[in-house]
There are 2 protein chains.
Amino acid sequence: MKDVAARAGVGLKTVSRVVNGEQGVSVDTEHRVREAITALGFRRNDSARTLRKGRTASIGLVLEDLADPFYAPLSRAVEEVARAHGALLINGSSAESPEREQELVLALCARRVDGLVIIPAGDDHRYLTPEIDAGVAVTFVDRAPGLIEADVVRSDSYGGAREGTAHLLAHGHRRVGFLGDQPHIQTATERLRGYRDAMAESGLPVDPAWTSLGPTDPERISAETRRMLTGPRPVTALFAGNNRTTVTVVRELAAHQGPPVALMGFDDFELAELLTPPVSVVAQDPAQLGRTAAELLFRRLDGVTEPPRQLTLPIRLVARGSGELHPYE
Amino acid sequence: MKDVAARAGVGLKTVSRVVNGEQGVSVDTEHRVREAITALGFRRNDSARTLRKGRTASIGLVLEDLADPFYAPLSRAVEEVARAHGALLINGSSAESPEREQELVLALCARRVDGLVIIPAGDDHRYLTPEIDAGVAVTFVDRAPGLIEADVVRSDSYGGAREGTAHLLAHGHRRVGFLGDQPHIQTATERLRGYRDAMAESGLPVDPAWTSLGPTDPERISAETRRMLTGPRPVTALFAGNNRTTVTVVRELAAHQGPPVALMGFDDFELAELLTPPVSVVAQDPAQLGRTAAELLFRRLDGVTEPPRQLTLPIRLVARGSGELHPYE
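Residues numbered from 1 in each chain as written. Chains lettered and ligands numbered in written order. Predicted model: local features only at pLDDT ≥ 70, side-chain atom pairs only at ≥ 80, totals over all residues. Heavy atoms only, no water.

Asks: Please clarify how the overall build of chain A should be interpreted in this entry.
Replies: Helices and strands together make up the secondary structure of chain A, namely 12 helices and 12 strands. Scored against the burial criterion, the 329 residues of chain A give a buried share of 57%. Counted over contacts in chain A with a minimum sequence separation of 6, partners at least 24 positions apart contribute 66%. Carbon and sulfur atoms provide 51% of the accessible area of chain A, an area that totals close to 13300 Å². Across chain A, the centroid of the 38 positively charged side chains sits 4 Å from that of the 44 negatively charged ones. (Helix = DSSP H or I, 4+ residues; strand = E, 2+ residues; numbered from the N terminus. Buried < 20%, exposed > 50% of the residue type's maximum accessible area, 1.4 Å probe, protein only. Contact = heavy atoms within 4.5 Å. Areas by Shrake-Rupley, 256 points an atom, 1.4 Å probe, with all protein chains shown as cover. Lys, Arg positive; Asp, Glu negative; His and termini not counted. Charge placed at Lys NZ, Arg CZ, Asp CG, Glu CD.)

Asks: Explain the relation of the copies chain A and chain B here, please?
Replies: Between the two copies of this chain, the relationship is a rotation about some axis together with a displacement along it. If you rotate chain A by 180° and push it 0.0 Å along the axis, it lands on chain B with an RMSD of 0.1 Å. Put plainly, the chains are arranged around a two-fold axis. (Least-squares fit on C-alpha atoms with pLDDT ≥ 70 in both.)

Asks: Could you clarify how one ought to interpret the pairing of strand β2 (residues 88-93) of chain B in this entry?
Replies: Regular strands place their side chains on alternate faces of the sheet. Residues and elements named next belong to chain B. Along β2, six of the six residues are buried, which leaves the element largely enclosed by surrounding structure. In β2, alternate side chains face the same way, and those of Leu-88, Ile-90 and Gly-92 on one face and Leu-89, Asn-91 and Ser-93 on the other are all buried. Tracing the backbone out of strand β1 (residues 58-63), into helix α5 (residues 71-84) and back to the parallel element β2 gives a crossover that is right-handed. (Right-handed = clockwise from strand over helix to strand, strands pointing away.)

Asks: When you look at the interface of chain A and chain B in this model, what are you seeing that I'm missing?
Replies: Tallying the contact residues gives 44 residues for chain A and 44 residues for chain B. Interface area, chain A with chain B, both sides summed: about 4200 Å², of which 52% is carbon and sulfur. The closest approach of N and O atoms between A:Glu273 and B:Arg251, which form a salt bridge, is 2.6 Å. At the boundary of chain A with chain B, the tally comes to 13 residue pairs in polar contact (both at pLDDT 80 or more). Mapped onto the side of chain A that touches chain B, the elements with two or more residues apiece are α5 (71-84), β2 (88-93), α6 (98-110) and α11 (243-255) of chain A. (Buried area = accessible area lost by both parts, 1.4 Å probe. Salt bridge = Lys/Arg side-chain N within 4 Å of Asp/Glu carboxyl O. Polar contact = N/O pair within 3.5 Å; in protein donor to acceptor, adjacent residues only side chain to side chain.)

Asks: Any chance you could explain the sheet that holds strand β7 (residues 211-213) of chain B here in plain terms?
Replies: Sheets are built from strands paired through backbone hydrogen bonds, the pairs being either parallel or antiparallel. All names here are of chain B. If you walk across this open sheet you meet the six strands as β7-β6-β8-β9-β10-β12, and the pairing is mixed. Strands at the two margins of the open sheet, each flanked by one partner only, are β7 and β12 (316-318). Strand after strand, the sheet turns through a mean of 15° between neighbouring axes, direction not considered. Sheet analysis places strand β10 (residues 280-283) next to β12, joined by three bridges and oriented antiparallel. Note on β12: the bridge partner recorded for Ala-283 is Arg-316. (Pairing = 2+ DSSP bridges. Axes fitted to C-alpha atoms, helices over the stretch in contact; angles between N-to-C directions.)

Asks: Honestly, the domain arrangement of chain A in this entry has me stumped. Any pointers?
Replies: By convention, interface size is frequently given as the accessible area that disappears when the constituent parts associate. Taken as a whole, chain A is organised into domain 1 (2-44), domain 2 (56-154 + 286-313) and domain 3 (157-284 + 317-324). The straight-line distance from the C-alpha centre of domain 1 of chain A to that of domain 3 of chain A is 48 Å. (Domains from an automatic or database assignment.)

Asks: Hey, could you run me through unusual backbone geometry in this one?
Replies: Generally, phi is negative for residues other than glycine and the peptide bonds are trans, each holding for most cases. Residue and element names in this part refer to chain A. With omega at -10°, the peptide bond leading from Thr-276 into Pro-277 counts as cis. Unlike most non-glycine residues, Arg-112 shows phi in positive territory, near 60°. We classify Arg-112 as buried; its relative accessible area is 10%. Residues other than glycine seldom take positive phi values, yet Asp-267 does so here, at roughly 90°. Note that Asp-267 resides in the loop between β9 (262-266) and β10 (280-283).

Asks: Quick question: what am I supposed to make of the sheet that holds strand β8 (residues 237-240) of chain A here?
Replies: All names here are of chain A. On the basis of which strands lie adjacent, the open sheet formed by six strands has the order β7-β6-β8-β9-β10-β12 and mixed pairing. For this open sheet the edge positions go to β7 (211-213) and β12 (316-318), each flanked by a neighbour on one side alone. The sheet shows a mean angle of 15° between the axes of neighbouring strands, taken without regard to direction. Where strand β6 (residues 176-180) lies against β7, three bridges are found, and the strand directions are parallel. Opposite Phe-178, over in β7, you have Thr-211 as the bridge partner. Strands in contact with helix α10 (residues 218-228) are β6, β7 and β8; relative to β7, the strand with the most contacts, it is inclined by about 170°. On top of the sheet, α11 reaches β6, β8 and β9; it is set at about 160° to β9, its chief contact.

Asks: Before we go on, may I ask you to explain the side chain of B:Thr292 in this structure?
Replies: All names here are of chain B. Looking at the secondary structure, you find Thr-292 in helix α12 (residues 286-301). According to the relative accessible area criterion, Thr-292 is buried, its value standing at 13%. Of note is the side chain of Thr-292, whose polar atom sits 2.6 Å from the backbone oxygen of Gln-288. Those residues within four positions of Thr-292 in sequence are excluded, and the remaining contacts are Val-153, Leu-311 and Leu-313.

Asks: Hey, could you run me through the pairing of β2(A) in this one?
Replies: Judged from the six bridges that link them, strand β1 (residues 58-63) of chain A and β2(A) form a sheet pairing that is parallel. Across the sheet, A:Ile59 pairs through a bridge with A:Leu89, a residue of β2(A).

Asks: I would appreciate a short explanation of α6(A) in the present structure.
Replies: Working note: α-helix, 3.6 residues per turn, so residues spaced by three or four point in the same direction. When the terminal C-alpha atoms of α6(A) are compared, their 18 Å separation across 13 residues agrees well with the 18 Å that a helix rising 1.5 Å per residue should span. Every buried residue of α6(A) is accounted for by A:Arg100, A:Glu101, A:Leu104, A:Val105, A:Leu106, A:Ala107, A:Leu108, A:Cys109 and A:Ala110. (Expected span 1.5 Å × (residues − 1).)

Asks: How do you make sense of the packing of aromatic side chains when you look at a structure like this?
Replies: Describing an aromatic ring pair means giving the distance of the ring centres and the angle of the ring planes. Residue and element names in this part refer to chain A. If you walk through the whole model with that rule in mind, you get six aromatic pairs over all chains. Considering the side-chain rings of Phe-178 and Tyr-195, the 5.3 Å spacing of their centres and the 40° angle between planes classify their relative orientation as tilted. Of the two residues, Phe-178 sits in strand β6 while Tyr-195 sits in helix α9 (residues 186-201), which places them 17 residues apart along the sequence. Note on accessibility: Phe-178 and Tyr-195 belong to one class, buried. Seen in terms of ring centroids, Phe-178 and Phe-239 are 5.8 Å apart; in terms of plane orientation they differ by 5°. Their pairing is stacked. A residue pair is termed long-range when its members are at least 10 positions apart, and Phe-178 in strand β6 and Phe-239 in strand β8 qualify at 61 residues. The exposure class assigned to Phe-178 is buried, which follows from its relative accessible area of 0%. An aromatic cluster is present here, built from Phe-178, Tyr-195 and Phe-239 joined pairwise through their rings. Positioned over the ring face of Phe-266 is Arg-191, at 3.8 Å from the centre of the ring. Across the ring face of Tyr-158, the terminal group of Arg-193 is positioned such that the distance to the ring centre comes to 4.1 Å. (Phe/Tyr/Trp six-rings, centres within 6.5 Å; stacked < 30°, edge-to-face > 60°. Lys NZ or Arg CZ within 6 Å of the ring centre and 35° of its normal.)

Asks: Where do I start with the pattern of salt bridges in this structure?
Replies: Opposite charge on two side chains allows them to pair when their charged atoms are near. All names here are of chain B. A full pass over the atoms with the stated rule returns 39 salt bridges over all chains. Notably, a salt bridge pairs Arg-83 with Glu-79, separated by 3.6 Å at the nearest N-O pair. Linking Arg-83 with Glu-79, this pair stays in helix α5, spanning four residues, or about one helical turn. Using a relative accessible area of 35% as the deciding quantity, one classes Arg-83 as partly exposed. What makes Glu-79 buried here is its relative accessible area of 2%. With a closest N to O distance of 3.2 Å, Arg-162 and Glu-201 form a salt bridge. Of this pair, Arg-162 sits in helix α8 (residues 157-170) while Glu-201 sits in helix α9 (residues 186-201); the two residues are 39 residues apart in sequence, bridging distant segments of the chain. Of the residues examined, Arg-162 reaches a relative accessible area of 31% and is grouped as partly exposed.

Here it is, written out as structure tokens:
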């Protein structure tokens, strides 16, 4: 620790603060300390490791939104695997903020979790390197980490969006709209790419007015839905990029005057089968995502040292009615 | 600590394990240690308290089921209040097990959370006394704690069920079924009491076949729904005791052959307004429950020492169609 402090030009207390994820250290100083740690290969001392062993084993799960029902079965699956391994699960939410993700992850490490399952909000995870070196196991779910190598479990966002869009085209649609999440979110751009490739494979041009990436708040999604349904070249079908978006589009279509509009959603959601028409989706299996990630994590905690693994889980097309409507003209 | 060890007839290490919520202590021994702690008024030493202050402030939230969407807005509201106070939120689930609730609460205390918001699974919370004495603030939500005094924020379960049942009776129903959660859950028995009082106030007898408390898994709820809809005195309306139950009843009624059955649910749920018929509910405000509980918690952390408060939030009747159907005969 003395060497780290000397190299970073700070006091021992500051190094300790950074290592323990405490507040009161400027971003700049923290960066210098982390660089020194990485350069010197510093590890936590043994007494810290022993303390960890004396306690109930625990793993942390960092989500991006506590209120998104997509994460409910994922969280429960991680919890079930943790319980089967005699470990407690503690959760936190990054609220889609990279700073908050880092703050939360380091706070959980300071509270001596043995491992972490992370749905990343940020795209630079080098801040985790000292923790991983100190023995914390890390697995990423839904999105890949940035600038570090680690186990990743994802759904086939590209393939799912491509298959869902092709399904709409197979029912005769030529003007299909795509409503997605913010462009810095990997799954959003992967799904847009799947939509574009499906259109291209059918030889169909994509009018710029038919695609929209951005926040998934109901106001924006409703306004974009209305916009795509009007104007000189309105869409006859919509692809909604995640379950929050789909639910808003369903509400908007229920209030829409005019002929029925076809809809495919990415992600299944509760009661989709009881709506009028029932909503067709390309479904991820969030429980399987969580289960797989947690099992990978416990393999690492059991000492398996194979290179980082990248797993992609298939999606499943569920045809219920809304995606099989033919174009109204 | 020596005095506690002597009084309990155990070693210092055992006392430390109990205080830190570690494993490897028998229930009996833990009980003896806790009694000795209570008797002697033991408090954590100051160095532990100082450590706590040096770190990012954090509060814990203990839910009973990560997969119940009722808790999503509640969790997010607690998180928003925590963030406004510069604190992190870490969550965990008791999975409706008193043992797991205690294990999780003590593990969070051992990880030095400053306060806890708890939806209790158990009915004996004396295990929290040493933590509260050591300065951890605790607020309960949705259900009251057992054998300790603490702040509690609840919805008016009794009043909501009574009003919802009376609403069905006002539309002409005389045979109303009640489907509730397990009888050891306070909210389940409070809601049953509200149903019974509404029936009694209208001078209506309650056939034992019309009420059913138990686990809310879809298999049991579906079977009980079907049972109440058949036989010599079938119900013409149903009151579903929480959102998980209502969703299952909606599915069962959609598949049901015969005249339409009226339905009121306790708790609102997503897309209720787009079903056929739209589902009427008596709605709690889970975000307001979470917000109120978190604000009470931060008042305690700010040093407010008033006696424990018991707050009851009102429910709101939302008439959408299913609860206004008249009896079919």
